[in-house]
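Each chain is listed here by its residues.
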Amino acid sequence: MRSIRKKEDLLNLYENLRKEREKQGKFISVCVDTGCLATGSGAVFSALKEEIAKAGLNPEGEGVKKILRGTGSLGFDSENPVVVIYPEKIFYRKVRPGDAKYIVHKTLLNGEIIERLLYKDPETNEPIPYLDDIPFYKHQKRLLLANHGIIDPLSIEEYISIGGYQALLKALTEMEPPQIVEEVKKSKLRGRGGAGFPTGIKWEDAAKRDSDIKYVICNADEGDPGAYMDRSLLEGDPHSVVEGMIIGAYAVGASHGYIYVRREYPKALESATKAIEDAREAGLLGDNILGTGFSFDIEIARGGGAFVAGESTALMASIEGKPAEPHTKYIHATQAGLYSKPTVLNNVETWANVPIIINKGADWYGNIGTEKSKGTKIFSLVGAVKNSGLVEVPIGTTLREVIFDIGGGIASEKKFKAVQTGGPSGGVLPESLLDMPIDFDTLTKAGSMMGSGGMIIMDEHTCMVDVARYYIDFLSKESCGKCTPCREGLRQMLDILTRITQGEATMDDLDLLEELSYVVKDASLCGLGQTAPNPVLSTLKYFRDEYVAHVRDKHCPAGVCAALIEYEIIPEKCTGCLACKVRCPVGAIEGEKGEVHKIDPDKCIRCGICMEVCTFDAVRIK
Amino acid sequence: MPQLPVEPAKAVSEILSRYHGDPARMIEILQDLQEIYRYLPKEVIEEVSHQTEIPINRIYHIATFYKAFHLEPRGETIITVCTGTACHVRGSFRTLDLLSERLGVKPNETSGDLKYTLETVGCVGACALGPIVIINGKYYGHMTPDRMDRVLKRMGIIEKYS
Ligand SMILES: Cc1cc2nc3c(=O)[nH]c(=O)nc-3n(C[C@H](O)[C@H](O)[C@H](O)COP(=O)(O)O)c2cc1C
Ligand code: SF4
Ligand code: FES
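Residues numbered from 1 in each chain as written. Chains lettered and ligands numbered in written order. Predicted model: local features only at pLDDT ≥ 70, side-chain atom pairs only at ≥ 80, totals over all residues. Heavy atoms only, no water.

Colleague: Give me the lowdown on the overall build of chain A, citing residues and values where you can.
Modeller: Along its length, chain A carries 25 helices and 19 strands. Scaling as 2.2 N^0.38, a compact globule of 622 residues should have a C-alpha radius of gyration of about 25 Å, and chain A matches this with 26 Å. Long-range contacts, defined as pairs at least 24 residues apart, comprise 70% of the intrachain contacts of chain A with a sequence gap of at least 6. As presented, chain A carries roughly 23500 Å² of accessible surface, and 50% of it is formed by carbon and sulfur atoms. Taken together, the 75 basic and 88 acidic charged side chains of chain A have centroids lying 1 Å from each other. (Helix = DSSP H or I, 4+ residues; strand = E, 2+ residues; numbered from the N terminus. Rg over C-alpha atoms; globule rule 2.2 N^0.38 Å. Contact = heavy atoms within 4.5 Å. Areas by Shrake-Rupley, 256 points an atom, 1.4 Å probe, with all protein chains shown as cover. Lys, Arg positive; Asp, Glu negative; His and termini not counted. Charge placed at Lys NZ, Arg CZ, Asp CG, Glu CD.)

Structure follows, in structure tokens:
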């Protein structure tokens, strides 16, 4: 059934759904995306549903008049499972299924706040009842993540009820394609997939091509291991991406679109598929959209699991059913891309920005961000940080604000050491650079990259040589092998880095490593090889001492590199309780009950279980 | 070599017809075939080549390029350790080493008796919970060698700790 055939249909539907939704002002939202479900939010959702039914209410609700919503992630992942009660936005954290009856009876029905479920200010220990007052949220500007928490992402009616597809309506009925391109150009939106290419310029080039068929593609391959904003957007608000793509297709004259989804994201695949089906059924995809004569449809392409497939030319090869090997870009995709037709490829987050720009206008959008880069950016704040999750801030916010004001600093008593940005193409930045505003250009200048938004916080217990080795190991496996500098160069770099972490390298190796880095950077064909040495070069630049310690003193200062560390028992602290002895998987610990235990370094596999289970802090790394 | 549950010629022709034999859909064709066999047996790849008249090396090029495809049989229990950056800096490599020791298999290999496959993955998008381990589809967050070993004991994969 195509319910929306013309402009008035969508306007009427919006009016009706909005009013319908407002009838149920108070509702409970539970995050049910991949990350939350892994903490048990599914059981919390079921328990709430049961309690609401027991209270004589209808938990499913009618249409968009809902009491309980399963939503996308609210971002504060270290506090999951999170439950929020609207409209006040009472924020409950680490909720268990057993809490459901109190939430329903006390908070939903009686407006009482349950103190034990509240987030506590880490400094004052005062409970903070409302989401907007929590430091993690207070310093953010959530435009792209605004719908997370307030809509069921699998319902197109819910999206429409809060004004979804209004930007599409405006674009298709009030604007000409060149005007849309102009608006996006004026907004200074830059691609969020890593390279930061101005989106409007890409669109303009595709729009002016004469071709029987053109394509738009959404890059949801999200290869950076440590970044998950694209997954979260597709799971939590898939229609915003679909809406952006339809607007983009109209602007450049494309009739066909693809969303290329990372293989490891089954739920994102599911919600993107559902969004496309529902939009098609409603008449927002397919022939003659909104009665304007414009026709466009989207298909899903499943990724095959290859980091390099996220690169533009490789991704298009993959959609064509070929191995995802990049090729030279003498001709832009906007001229000859997928199946040699003009193609616009943008990242998930880039597409999600489009409806916002059309709705609010480029001038409004231009007030957010820096001179050269506008808008907000979502970062995944992970690793050794206290408040871990997805944060959205205006571009130009400093690293310190993100890591300390929002992230709350380091999770343990340890000290901050470095932040890694830009994933495998990026680098690490030390404490001294934390006041730098985050922007495409500033981070690149400092030897890193903004990239797709991964932000991995490292403390004193992270070894910088190990991190560099980690990335080169990852990239050497992911190199498609087409060009020699990348394929062989990375293998040699990995060999040197491995020897350094094993204490078998010489000082000359450090120079060789640096030299190789520049060769790989300069002589590789695609972005993978060209940026691959960044993690090595940036660690060498800011943490050279640590390399030297491994090479010269055969010492890993962070206590990470297995070949250079030994676990030992501190005799003064050991009570001879046997706890570690019974748990050592290889029987490396000796000593009877009541006697001081001893670890045999030759048998020990450095798993650290002894250190984890010792309640007397009697195990340490030598 | 165990007997294949479905005759390759039949499975291949059925799945090819689903995609009208379109070679541009080769990745999906292989993914669907893999769903039937849980890996891509040599006989199946040969059959795809035979029926599509695409040279076998081209099909192997695709099947070996993407991590989605497995050319060897897989274990009954699949244990996946996330070795993405967020999990790595929180020490997922120690859990991986422990599993390797406990199961007697190297990362990304399957035990001889086809009981266990130990896999690594570069981020499943639940980084804030890292280190993540997935056992037959169930996610375990904040994994450490100590917790992992206790899970193995509870599941009966190891009988005793030492
Ligand atoms: C090795 C490599 C991997 C990439 N992976 C991704 C990815 O996973 N997601 C993405 O959006 N862009 C990725 N890119 C960037 C894309 O090539 C392309 O620039 C981007 O999708 C364009 O969209 P944007 O302008 O909206 O950022 C990758 C680039 C390289 C060189
Ligand atoms: S730089 Fe590396 S990944 Fe890119 S084409 Fe060359 S070998 Fe392949
Ligand atoms: S790095 Fe392990 S889930 Fe992202």
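Colleague: Give me the pairing of strand 14 (residues 427-430) of chain A: which residues, what numbers.
Modeller: The side chains of a regular strand alternate between both faces of the sheet. Of the pairings in the sheet, the one linking strand 13 (residues 416-421) of chain A to strand 14 of chain A comprises four bridges and is antiparallel in character. Bridge assignment links T421 of chain A to a residue of strand 14 of chain A, and that residue is G427 of chain A. (Pairing = 2+ DSSP bridges.)

Colleague: Provide a residue-level description of the domain arrangement of chain A, including the pertinent values.
Modeller: Frequently, the measure chosen for interface size is the accessible area that the parts lose on association. With domains assigned, chain A is organised as domain 1 (19-134), domain 2 (164-366), domain 3 (376-459), domain 4 (464-551) and domain 5 (566-621). Once you take the C-alpha centre of each, domain 1 of chain A and domain 5 of chain A turn out to be 44 Å apart. (Domains from an automatic or database assignment.)

Colleague: Now, about the environment of A279 of chain A: what can you tell me, with residues and values included?
Modeller: Residue and element names in this part refer to chain A. Here A279 lies in helix 12 (residues 266-282). For A279, a relative accessible area of 0% puts it in the buried group. Leaving out residues up to four positions away in the same chain, A279 has contacts with I156, Y165, H239, V242, L284 and L285. (Buried < 20%, exposed > 50% of the residue type's maximum accessible area, 1.4 Å probe, protein only.)

Colleague: Would you mind going over the pairing of strand 9 (residues 297-302) of chain A in detail, with residue names and values included?
Modeller: Residues and elements named next belong to chain A. Bridge count between strand 8 (residues 256-261) and strand 9: six bridges; the pairing is parallel. Within strand 9, the position partnered with H256 by the bridge is D297. Handedness of the crossover joining strand 8 and strand 9 through helix 12 is recorded here as right-handed. (Right-handed = clockwise from strand over helix to strand, strands pointing away.)

Colleague: Outline the packing of helix 1 (residues 8-18) of chain B against helix 3 (residues 42-52) of chain B, supporting the account with residue identities and numerical values.
Modeller: All names here are of chain B. Contact pair helix 1 / helix 3: the axes reach a minimum separation of 9 Å and the direction vectors enclose 55°. In this view, helix 1 runs oblique relative to helix 3, as classed from their interaxial angle. Judged by the twist between their axes, the crossing of helix 1 over helix 3 is right-handed. Taking contact as the criterion, the partners of P8, A9, V12, S13 and L16 in helix 1 are, on helix 3, E43, V44, E47, V48, Q51 and T52. The class makeup of the residues in the contact of helix 1 with helix 3 is six nonpolar, three polar and two charged. (Axes fitted to C-alpha atoms, helices over the stretch in contact; angles between N-to-C directions. Parallel < 35°, antiparallel > 145°, perpendicular 65-115°, else oblique. Left-handed = near helix turned anticlockwise from the far one by under 90°. Nonpolar A, V, L, I, M, F, W, Y, C, P; charged D, E, K, R; others polar.)

Colleague: Which residues make up the side chain of D121 of chain A, and what are the values?
Modeller: Residues and elements named next belong to chain A. Among the structural elements, D121 can be located in the loop between strand 5 (119-120) and strand 6 (127-128). For D121, which is buried and forms no salt bridge, the nearest opposite charge comes from K138, at a distance of 6.7 Å. For D121, the contacting residues outside a window of four places in its chain are E126 and I128. (Salt bridge = Lys/Arg side-chain N within 4 Å of Asp/Glu carboxyl O.)

Colleague: Before we move on, could you go through the sheet that holds strand 3 (residues 116-121) of chain B and cite the residues and values that matter?
Modeller: Through backbone hydrogen bonds, the strands of a sheet pair up, either in parallel or in antiparallel fashion. All names here are of chain B. Strand order in the open sheet made by the five strands is 2-3-1-4-5, with mixed pairing throughout. Each edge of the open sheet carries a strand with a single partner, namely strand 2 (109-110) and strand 5 (138-140). As defined by bridge partners, strand 1 (residues 77-82) adjoins strand 4 (residues 133-135) across three bridges and the pair is classed as antiparallel. The residue of strand 4 that forms the bridge with V81 is V133.

Colleague: Quick rundown of the site of ligand 1? Include the residues and the values.
Modeller: All names here are of chain A. Close to ligand 1 lie 18 residues; G193, G223, N346, N347 and T350 are nearest. Here E222 contributes a backbone N or O atom positioned 3.1 Å from an oxygen atom of ligand 1. The side chain of N346 places a nitrogen or oxygen atom 2.8 Å from an oxygen atom of ligand 1. Summarising the interface, the protein chains cover 88% of the accessible area of ligand 1, which totals 610 Å² for the free molecule. Of all the elements in the fold, those that place two or more residues in the shell around ligand 1 are strand 10 (343-347) and helix 21 (527-531). Counted by class, the shell around ligand 1 contains three nonpolar, ten polar and five charged residues. (Near = heavy atom within 4 Å. Polar contact = N/O pair within 3.5 Å; in protein donor to acceptor, adjacent residues only side chain to side chain.)

Colleague: Tell me about the sheet that holds strand 10 of chain A, and please be specific about residues and values.
Modeller: Residues and elements named next belong to chain A. The parallel open sheet is built from four strands, whose spatial order is 9-8-7-10. Either end of the sheet is taken by a strand with one partner, and the two such strands are strand 9 and strand 10. Taking the axes of each pair of neighbouring strands and ignoring which way they run, one obtains an average angle of 20° across the sheet. Pairing geometry for strand 7 (residues 215-220) and strand 8, over six bridges, is parallel.

Colleague: Break down the site of ligand 2 for me, citing the residues and quoting the values.
Modeller: For ligand 2, the set of nearby residues contains 13 residues, the closest of which are C480, K482, C483, C486 and C526 of chain A. Per-class residue counts for the shell around ligand 2 are eight nonpolar, four polar and one charged.

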